[in-house]
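Examining the three-dimensional arrangement
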Amino acid sequence: MLRKIKVSINTKLLTLVTSFVLGSLSAYLYFALDLFQKDKTAYIFDSTLSTTSALSKQITESISNIINSSQLIGGIYQTEDLGKDLYEGVFQSNKSIFEFLVFREDEGQFKEHLNLKKADILKQYRLKDDYFKQIIDKNPVNFSEIKARKYLLKNTSSIGGVPHLTLGVYNQKANEIYVTRIILDSFIKTFNENKVYNNYLLNDKGQTYVHRDSKKVMAHENMSTENYIQDVLSAEVSNGVREVTNSKGEVVLLAFTKLKHLGLVVLSEISKDKAFASIKELIFKSVVLAVFLMSTAFIVGFFMSRSFTRPITMLVEGTQKIAQGNFDTVVSVNASDEIGVLSDSFN
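Below you will find a few notes about this structure.

Reading guide: rules and limits
Here the residue numbering is sequential within each chain, running from 1 through the sequence in written order. Local features in this predicted model are restricted to residues of pLDDT 70 or higher, and side-chain atom pairs are both shown and tallied only at a pLDDT of 80 or more, whereas totals for entire chains, interfaces and linings draw on every residue. Side-chain calculation: all heavy atoms of the structure are included, whereas hydrogens and water are not. The rule for pairing is simple: two strands pair if DSSP sees at least two bridges between them. Segments assigned H or I by DSSP are reported as helices when at least four residues long, segments assigned E as strands when at least two residues long, and all are numbered from the N terminus. Angles shown run from 0 to 180 degrees and are taken between the N-to-C directions of axes, each axis being a line fitted to C-alpha atoms and, for helices, limited to the stretch in contact. In what follows, residue pairs with any heavy atoms lying within 4.5 Å of each other are defined as contacts. Think of it in three bands: with a 1.4 Å probe and only protein chains considered, a residue is buried below 20% of the maximum accessible area for its type, exposed above 50%, and partly exposed in between. The directions from the helix axis to the C-beta atoms form the arc being described.

Turning our eyes to something else, we now look at the sheet that holds strand 10 (residues 264-271). Taking strand neighbours across the sheet as the criterion, the five strands line up as 7-6-10-9-8 in an open arrangement whose pairing is antiparallel. Every other strand in the sheet has two partners, leaving strand 7 (208-210) and strand 8 (239-245) as the edge strands with one partner each. Taking each pair of neighbouring strands and ignoring which way they run, the sheet shows an average axis angle of 30 degrees. Of the pairings in the sheet, the one linking strand 6 (residues 198-203) to strand 7 comprises two bridges and is antiparallel in character. Counted as the bridge partner of L202 is T208 from strand 7. On the sheet, helix 8 (residues 227-234) packs against strand 6, strand 8, strand 9 (251-259) and strand 10 and is oriented at approximately 30 degrees with respect to strand 9.

Here it is, written out as C-alpha cells:
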C-alpha cells in the first residue's frame, strides 16, 4: 500500500527558501538599523551640542567686543586731550550700542558723568523723547553688584520699547562704572539663523534674554519654572545634552552650554520626532524593500521548486500507475540531470 503525501517536496523547498530569505533579511534589518540608529543618535546629540557651542562662541565674542568698546570709550573720555569727537565716533560706529553712560564714584556714591545716546533709535521704534529716562527709572543701575562682579549683564527691555540688554562694566583703576545698552537685533538674528533648532539665551537664574518669541524677552519671562530648565541651571557641568519632556508633553533633545563668566546659558532644543525622522523614513523604506524582496523570493522560489519537483512528481505518478497494473506507463522528463537519468531507467 502506497503512503499518502502529507507535505510535498515543493512545499518543503518553498518553505526553506522563504525562511532563509526572511531570516537573512530580518537579521540584516535588525543589525543594520540598530547600528544606524546608534550612529544617528550620537550624531544628533553631537550636532545639538555643537549648535550651542557655536552660539556660545558668537555671544562671547560679541559681548567681549562690546566690553572692549565700552572700555575704549571710557578710556578716551578720561583722556581729555583726545577730545569728545573721538569717543563719540567710537560710540556711533558700534551699531550694537544705542546708549553709553559713565558713572564715577564720589564720596561713596556713583554719579553720572557722561551720557551718549543714539536719538535715531526713538524714530526707529516710535518711542517718546523720555524713553532713555524711563529705562533708568524702571531699571536703576545696581552699582554694588557691578562693582562686586566686574561685569553684569541684565535684560532691561520693556513691552513697547527696544529689546535690549544692559551691560555694566567696572573699571577698578578709574573707579568708574560703564553702562552700555545693547540692541538685541543682531543677537536675535544669530539665534534664529538655524531654523532646525529652537535656540534661546537665559541668565543663570532662568530669565529670558534672547528668544525667537520676543514677548518672552520683553516680559522678562523666567523659564526656570520648567523642571528641565531648572535641572540645567543647577547642573555642575558646563555643557551637555539631555532628553527631556517639555510643558507641552513633547519629548525634545535639549543641549546647553554655560557661560559662567557672563552668567549666561545658551540652550538649543529640537523635537525628538523631528530629529529622528530620517530613521523612521529609513525603517519604512527598509520594510518596503523587505516585502518586495520577500515577494520576489517567494515567486522565484515557487517556480524554481516547481521546475525541480515536477519531474519527481511525474515519476511518483508513473510509479503509482505501475502499482495499479499499468505496465505500459512512460514518464517523459526533459531534464539532463540525475532526475533525467532516473526517468530513463524507469522507462
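Here the narrative resumes, following the displayed structure.
Bringing helix 2 (residues 84-93) into the picture now. Buried within helix 2 are the following residues: Y87, V90 and F91. For helix 2, the arc enclosing every buried residue in end-on projection is 100 degrees, short of the 170-degree limit, so these residues lie on one face. Counted as exposed and oriented over 90 degrees from the buried face of helix 2: D85 and S93.

Attention now goes to unusual backbone geometry. Even without a glycine there, the phi angle at E107 is positive, about 55 degrees. Mapping E107 onto the fold places it in the loop between strand 1 (97-106) and strand 2 (109-117). Its relative accessible area of 78% is what places E107 among the exposed residues.

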